[in-house]
Amino acid sequence: MDSNTVQFYGMIITSLVGIASIIISVLTLMQNSKMIEESTRPVISIYGTTTNFGAEQRFYFVIKNFGQTPTTITKFFSDYDFSINQAYASANDHDWLSNLNGAHLAPGQSKICALNYKNINKPVTFTLEHKTTSKTYNEQIKVNLKAGAAML
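Attention here is on the structure that accompanies the text. For every chain, the first residue of its written sequence is number 1, and the numbers climb from 1 along that sequence. Residue-level local features of this predicted model are given only where pLDDT is at least 70; pairs of side-chain atoms are given and counted only at 80 or more, and the full residue set underlies all totals for whole chains, interfaces and linings. Derived side-chain values reflect all non-hydrogen atoms in the structure, with water molecules and hydrogen atoms excluded from consideration.

This paragraph deals with the overall build of the chain. Starting at the N terminus, helices and strands are each numbered in turn, a helix being any DSSP run of H or I of at least four residues and a strand any DSSP run of E of at least two. When helices and strands are tallied, the chain shows one helix and seven strands. The order of helices and strands in the chain, counted from the N terminus, is α-β-β-β-β-β-β-β. Seen through its principal axes, the chain has C-alpha atoms that stretch 95 × 30 × 25 Å. Buried, partly exposed and exposed residues are distinguished by accessible area as a fraction of the type maximum, computed with a 1.4 Å probe on protein chains only: under 20%, between the cut-offs, and over 50%, respectively. Residues classed as buried in the chain amount to 26% of the 152 residues present.

Below, the discussion takes up the nonpolar core. Put simply, a nonpolar core is a bunch of buried Ala, Val, Leu, Ile, Met, Phe, Trp, Tyr and Cys residues held in one set by side-chain atoms that sit within 4.5 Å of each other. Membership of the largest hydrophobic core comes to 25 residues, with the highest contact counts inside it found for F61, F76, F82, F126 and L145. Looking at this core, the elements that each hand over two or more residues are strand 1 (44-53), strand 2 (56-65), strand 3 (71-78), strand 5 (110-115), strand 6 (124-131) and strand 7 (136-143).

Turning our eyes to something else, we now look at the side chain of T71. Residue placement: T71 occurs in strand 3. N or O atoms closer than or at 3.5 Å make up a polar contact, with two conditions inside protein: a donor-capable atom paired with an acceptor-capable one, and, for residues adjacent in sequence, both atoms drawn from side chains. A distance of 3.2 Å separates a polar atom in the side chain of T71 from the backbone oxygen of K131. Setting aside anything within four residues of it in sequence, one finds T71 in contact with P42, I44, N65, A103, H104, L105, H130, K131 and T132. The contact definition used throughout considers only heavy atoms, calling two residues in contact when any of these lie within 4.5 Å.

As a further point, take the sheet that holds strand 6. Whether two strands pair comes down to DSSP finding at least two bridges between them. One open sheet accounts for four strands, arranged 4-3-6-7; its pairing is antiparallel. Of all the strands in the sheet, the pair left with one neighbour each is strand 4 (104-105) and strand 7. In this sheet, strand 4 lies alongside strand 3 in antiparallel orientation, the contact comprising two bridges. When the sheet's bridge partners are listed, T71 is paired in strand 4 with L105.

Overall, antiparallel pairing links the three strands, which are arranged 1-2-5 in an open sheet. Pairing within the sheet leaves two strands with one partner each, and these edge strands are strand 1 and strand 5. Across the sheet, the mean angle separating the axes of adjacent strands is 25° when strand polarity is ignored. Bridge count between strand 1 and strand 2: ten bridges; the pairing is antiparallel. Considered in strand 2, the bridge of S45 is made with K64. Only the contacting stretch of a helix is used when fitting its axis, a line to C-alpha atoms as for every element, and angles between N-to-C directions run 0 to 180 degrees.

Right, let's talk about the packing of aromatic side chains for a bit. By convention, a stacked pair of Phe, Tyr or Trp rings (six-membered ring in the case of Trp) has centres within 6.5 Å and planes under 30 degrees apart, an edge-to-face pair has planes over 60 apart, and any other such pair is tilted. Taken as a whole and judged by the stated rule, the model has eight aromatic pairs. Ring centres of F8 and Y9 lie 5.9 Å apart, and the angle between their planes is 55°; this geometry places the pair in the tilted category. Its relative accessible area of 44% is what places F8 among the partly exposed residues. Of the residues examined, Y9 reaches a relative accessible area of 44% and is grouped as partly exposed. Relative to F76, the ring of F61 has its centre 6.3 Å away and its plane inclined at 70°; by these criteria the two rings are edge-to-face. Highlighted residues: F61 in strand 2 and F76 in strand 3, separated in sequence by 15 residues. Accessibility classification places F61 together with F76 in one group, the buried group. To sit over a ring, a charge needs its Lys NZ or Arg CZ within 6 Å of the ring centre and within 35 degrees of the ring normal. One Lys or Arg, K146, reaches over the ring of Y117 and ends 4.5 Å from the middle of that ring.

Moving on, we come to the environment of S21. As for its placement among the helices and strands, S21 is situated in helix 1 (residues 3-40). Overall, the relative accessible area of 38% leaves S21 in the partly exposed class. Only 2.8 Å separates the side chain of S21 from the backbone oxygen of G18, close enough to count as a polar contact.

Next comes the structure, spelled out in structure tokens:
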């Protein structure tokens, strides 16, 4: 083998190693981007909670963004009609939870609505669409609002 052939094979091997390292770098950057997005995305949770002030106890619906990114709710509805079932603590002439459509939730922010504890009689499935500046999320959350809410 002459020196030109050795140099030729050396250049081919060097080129292949360079191409492989570029591919690995691009794949690693894509993976890191996905991990960063998942760790900072908005995380919406829905639950029921109570407050106790002596003999007076109040029950609330809570929707909260536990994530690190603000989000805007673009669609929000449930399979349970809170107004017909007189589930709101007062003024059942309006579906108060429908006001969440268009609501903006900053990280750590929550919206609450007073409910009538005894008129919530089954788990509720909430269908939710919310978006950030770059992505839209669709979620379906089934919640027993009363589970654990009446604890002292």
